[in-house]
Amino acid sequence: GPAVEKQTAPASAVPGSLPSKAPAEKKTFGFLQEIIDADLAKGGRVAERKDMKGDVIRTRFPPEPNGYLHIGHAKSITINFGLAEMYGGRCHLRFDDTNPAAEETEYVDSIMEDVKWLGFDWGEHLYFASDYFDQLYEWAELLIKDGKAYVDSQPSEEMKKNRGSVTVLGTDSRFRTRTPDESLQLFRDMRAGKYKEGEHIVRMKGDMKSPNMNMRDMPIYRILHKHHHRTGDKWCIYPLYDFAHGQEDSIEGITHSICTLEFEAHKELYEWFTSNLPIKTPPKQFEMARLNVTTFLTSKRKLLKLVKAKVVDGWDDPRMSTLSGMRRRGVTPEALKKFILKLGVTKQIAVTDVAVLEDCIREDLDPVLPRRMVVINPLKVVIEDYPEGKVEEVEAANHPSNPDMGSRKIKFSRVVFIEQEDFREDAPDSFFRLKPGSEVKLRYSYVITCKEVVKDKSGNVTQLTCTHDPATRDEMPTDRKIKGVIHWVSEKHCSTNTVRLYDALLKPEADAAQQQAEAEAAAPAEEDAEADVADDFLKQVNPNSLTVMTDAKCEEAMSSCKPMDRFQFERNGLFVVDKYSPSTGPMVFNRIIGLKESGLKKEENKDSAARSRKDEQAKQAAEKEARKKLDPKQMFRSETDLYSKFDDDGVPTHGADGEPLPKSRIKKLKTEWDKQTKLFAS
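Small disclaimer: the values here were computed from a predicted structure and weren't measured.

What counts, and where the lines are drawn
- Residues numbered from 1 in each chain as written.
- Predicted model: local features only at pLDDT ≥ 70, side-chain atom pairs only at ≥ 80, totals over all residues.
- Heavy atoms only, no water.
- Axes fitted to C-alpha atoms, helices over the stretch in contact; angles between N-to-C directions.
- Helix = DSSP H or I, 4+ residues; strand = E, 2+ residues; numbered from the N terminus.
- Parallel < 35°, antiparallel > 145°, perpendicular 65-115°, else oblique.
- Left-handed = near helix turned anticlockwise from the far one by under 90°.
- Contact = heavy atoms within 4.5 Å.
- Core = buried A, V, L, I, M, F, W, Y, C linked by side-chain atoms within 4.5 Å.
- Buried < 20%, exposed > 50% of the residue type's maximum accessible area, 1.4 Å probe, protein only.
- Pairing = 2+ DSSP bridges.
- pLDDT = per-residue confidence, 0-100.
- Phe/Tyr/Trp six-rings, centres within 6.5 Å; stacked < 30°, edge-to-face > 60°.
- Lys NZ or Arg CZ within 6 Å of the ring centre and 35° of its normal.
- Salt bridge = Lys/Arg side-chain N within 4 Å of Asp/Glu carboxyl O.
- Disulfide = S-S within 2.5 Å.
- 1 Å grid on protein atoms, 1.4 Å probe; cavity = no way out; pocket = protein on both sides within 12 Å on 5 of 7 lines; lining within 4 Å.
- Points joined across faces, edges and corners; volume = space filled by probe spheres on them.
- Nonpolar A, V, L, I, M, F, W, Y, C, P; charged D, E, K, R; others polar.
- Polar contact = N/O pair within 3.5 Å; in protein donor to acceptor, adjacent residues only side chain to side chain.

Bringing the packing of helix H11 (residues 333-343) against helix H12 (residues 354-365) into the picture now. With their axes 8 Å apart at the nearest point, H11 and H12 run at an angle of 130° to one another. Comparing their axes, H12 and H11 come out oblique. Here H11 runs over H12; the crossing is right-handed. Mapping the contact onto sequence places Glu 334, Ala 335, Leu 336, Lys 338, Phe 339, Lys 342 and Leu 343 in H11 and Val 356, Leu 357, Cys 360, Ile 361, Glu 363 and Asp 364 in H12.

Following this line, the structure appears as structure tokens:
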């Protein structure tokens, strides 16, 4: 296991991403930090750079501009830029634009925007593989002259067959014995445009019997009569990724070339090139596990398929696992970086439950989001004993545990809307919201009693007639217990807007298979990197991944929202104004994430669907694990439908109605808090 050692850098070394007080024994960047520490130590591989301020180490983030970046790339960006900042080095942003067939300037622009959004800056160190095409061409000529590469003219089928497989040894090409002069002439003719695509290819001379498939005469140059987004029509031959990659690292003087585990098998080839070319200080490659998260697709080709098939409305659809999709969904870069650093850097292949990411998003947003009342699926309530035309203003806190965020006035009148799900006609005893003859407290307002249920011809409930208790506006009644508190908006004082609710893009069973495949994926061989995704992939799309509610009723304070403003809709979740929300007419809100279930809801749900014992045990174990991560100071703060004020430890002191809680109740909550504190410390 990794050596236990104190963190080598102050917590401020990675702005906006390092925990302010990292535990001493845990290194932010895990084993990579140990490698770099050893490389910089006396006698280490790059020890002489130790005092080169601003250039102690060089890392790079090398995306191919053939799609938008996704959550997996966020890990690579955070680690490469983060290490450079931590050690006083620099990180290059390099576009690996060696394949003109799939590259577009749009992708280059979006990638730059994503890196900046995550809070990193490459400064003047922006590079393109295409900057090095002349040098790479020269080096390919050199390998041919040295007899270390040759032009192969086998048809692609024959070449594939002769390459063998993991269990079958390869066979030398009949063109492998070409003289360097003959290969060189062919290579120059390829460059001059004398041949069609696929007629010839340049290959390094490895060993066709090697157990490592990547050493079986890997192709290094191919003919592609395609326009390049930067070099135009200057070239009709292009280097392949495996040849170009290590050489780009060499040209840029990269000290630590960090990639994901699937490139481990490519390392031998990487080092073959750097040792067979005139490179003074060859870079070194290090591999870490990639980021796999349940419900998140991280195959660029599958994401492209969804865009092309119009399953989603572009690369930045909030359901997409692209960084632009997450940004539009309302996720903050801080939450994403916190999530990445929480998982750490290892060589362990794992799939992380999306719940861990959701917790990071909640932890980041909950303390800062203003609360608002929005009824997403409205049911009309007429309070028959409240005077017609009367309007009252009630005071509502913008944040239950942050008085500095102030309060706002909400208008109350005779007709209000509540959520349809907050009323149930034939409700069990454990349902504490509104049911015929029962009482419920309207948040910041009166206790109301349901007297009559109005239905349409089909038997759907369309309206409730209620009465109110005038003594309960600012306090709960003392003579009886009212368990339910629900949100509402006044019919005359609200606007109607659109709310989008999201679910996973793939069906659950498809997601599990997808995660397995992604986790075990090898790095794509060049031949199949362009292969299209089969159409049946689209059958795995979850038909309920998007629910659009067009009749959401928002309180008046929402009228001045701007795109990308975020709120917590009380009892409904965290929401953001969509970046394309029109400036006139109804606004569009995207749900970032739901709320943690409140104690009330949990109590209500107890009597629904009993789980099998085995499921229950597994669930309890998982819940205990999850509880270990829950900061006791935060454990009650999300339960805004139960509590409104808390002490410094986060223990509730006042109920949702603003009244102080009884001492016995506080004592109980304190006991729960103590238990959680012990668990959290463990």
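As a further point, take the nonpolar core. In a soluble, globular protein the nonpolar side chains are often hidden away together inside. By size, the foremost hydrophobic cluster in this structure holds 40 residues, and its most contacted members are Ile 71, Ile 77, Val 115, Leu 323, Leu 336 and Phe 339. Where this core is concerned, the elements lending two or more residues are helix H2 (71-87), strand E2 (90-95), helix H3 (105-117), helix H10 (323-329), H11, H12, strand E24 (573-577) and strand E25 (588-593). With residues near it in sequence (within four places) discarded, Phe 339 still touches Ile 71, Leu 291, Val 293, Thr 352, Val 356, Leu 357 and Cys 360. Counting residues in hydrophobic clusters, the runner-up holds 34 residues, among them Leu 136, Ile 220, Tyr 238 and Phe 243.

Moving on to the pairing of strand E21 (residues 494-502). Judged from the eight bridges that link them, E21 and strand E22 (residues 546-555) form a sheet pairing that is antiparallel. Bridge pairing links Arg 500 to Val 548 in E22. As paired strands, E21 and E25 are joined by three bridges and run parallel to one another. Directly across from Arg 500, in E25, lies its bridge partner Asn 590.

With mixed pairing, seven strands are arranged side by side in an open sheet as E19-E16-E17-E18-E12-E15-E20. Both edges of this open sheet fall to strand E19 (485-486) and strand E20 (489-490), since each of them pairs with a single strand only. Pairing of strand E16 (residues 439-442) with strand E17 (residues 447-455) involves three bridges; the strand directions are antiparallel. Counterpart to Val 440 in the pairing with E17 is Ile 448.

As a further point, take the confidence of the model for the chain. With 89% of its residues at a pLDDT of 70 or more, the chain shows a mean pLDDT of 88. Here residues 607-612 is modelled with pLDDT under 50, and outside its nearest four sequence neighbours on either side it reaches four contacts, counting other chains as well.

The subject of this paragraph is the packing of aromatic side chains. In this description, a pair of aromatic rings is defined by centroid distance and the angle of the planes. Under the defined criterion, the tally for this structure stands at 21 aromatic pairs. Here the basic side chain of Arg 191 rests over the ring of Tyr 137, its NZ or CZ set 4.5 Å away from the ring centre. Positioned above the aromatic ring of Phe 120, the side-chain terminus of Lys 337 is 4.9 Å from the ring centre.

Take the environment of Pro 65 next. The topology assignment puts Pro 65 in the loop between strand E1 (58-61) and H2. Ignoring any residue separated from it by four or fewer positions in sequence, one finds Pro 65 in contact with Phe 95, Asp 96, Asp 97, Ala 102, Glu 103, Glu 104, Tyr 107, Val 108 and Ile 111.

Right, let's get into the environment of Ile 666. Looking at where Ile 666 falls in the secondary structure, it is placed in helix H16 (residues 663-681). When the C-alpha positions of Ile 666 and His 654 are compared, they lie 9.1 Å apart, and in sequence the two are twelve residues distant. Beyond its immediate sequence surroundings of up to four residues, Ile 666 is in contact with Val 651, Pro 652, Thr 653 and Leu 661.

Applying the stated criterion across every chain yields a total of 57 salt bridges. Here Glu 287 and Lys 267 are joined by a salt bridge, their closest N and O atoms 3.5 Å apart. Of the two residues, Glu 287 sits in strand E9 (residues 284-288) while Lys 267 sits in helix H8 (residues 267-276), which places them 20 residues apart along the sequence. Judged by its relative accessible area of 25%, Lys 267 falls in the partly exposed class. A salt bridge links Arg 328 to Asp 313; the shortest N-O distance between them is 3.3 Å. Of this pair, Arg 328 sits in helix H10 while Asp 313 sits in the loop between helix H9 (300-308) and H10, placing them 15 residues apart in sequence. Linked through salt bridges whose partners overlap, the residues forming this network are Asp 313, Asp 316, Arg 328, Arg 500, Asp 578 and Lys 579.

Considering all chains together, one arrives at zero disulfides under this definition. Cys 450 carries a free sulfur, and the closest cysteine sulfur to it, the one in Cys 466, is 4.7 Å from it. Overall, the relative accessible area of 3% leaves Cys 450 in the buried class.

Inspection of the entire model under this criterion finds three cavities of 30 Å³ or more. Its boundaries defined by the atoms lining it, the largest cavity holds a volume of some 90 Å³. Arg 60, Tyr 241, Asp 242, His 245, Ser 257, Cys 259, Phe 263, His 266, Leu 269, Tyr 270, Phe 273 and Gln 285 together form the lining of the largest cavity. Every element with two or more residues in the lining of the largest cavity is listed here: helix H7 (241-251), strand E8 (256-260) and H8. Looking at the lining of the largest cavity, its residues break down into six nonpolar, four polar and two charged. By volume, the second largest cavity is sized at about 40 Å³. Forming the walls of the second largest cavity are Thr 295, Phe 296, Leu 297, Leu 303, Arg 319, Ser 321 and Leu 505.

The residue Thr 295 is not glycine, and still its phi comes out positive at about 70°. Looking at the element boundaries, Thr 295 is found in the loop between E9 and H9. Residue Thr 295 is classed as partly exposed on the basis of its relative accessible area of 32%. Notably, Arg 571 is not glycine yet its phi reads approximately 65°, a positive angle.

This part is about the side chain of Ser 490. Mapped onto the fold, Ser 490 is located in strand E20. When its relative accessible area of 1% is taken as the criterion, Ser 490 is described as buried. In this structure the side chain of Ser 490 is engaged in a polar contact, spanning 2.7 Å, whose partner is the side chain of Ser 413. A distance of 2.7 Å separates the side chain of Ser 490 from the side chain of His 493, its partner in a polar contact. Setting aside residues no more than four positions away along its own chain, Ser 490 makes contact with Lys 411, Phe 412, Ser 413, Val 415 and Val 416.

Where H2 meets H11, the closest approach of the two axes is 10 Å, and the angle between their N-to-C directions is 75°. The angle between H2 and H11 places the two elements in the roughly perpendicular class. Contact residues: Ile 71, Ala 74, Lys 75 and Thr 78 in H2; Leu 336, Lys 337, Phe 339, Ile 340 and Leu 341 in H11. Its residues placed into classes, the contact of H2 with H11 shows six nonpolar, one polar and two charged.

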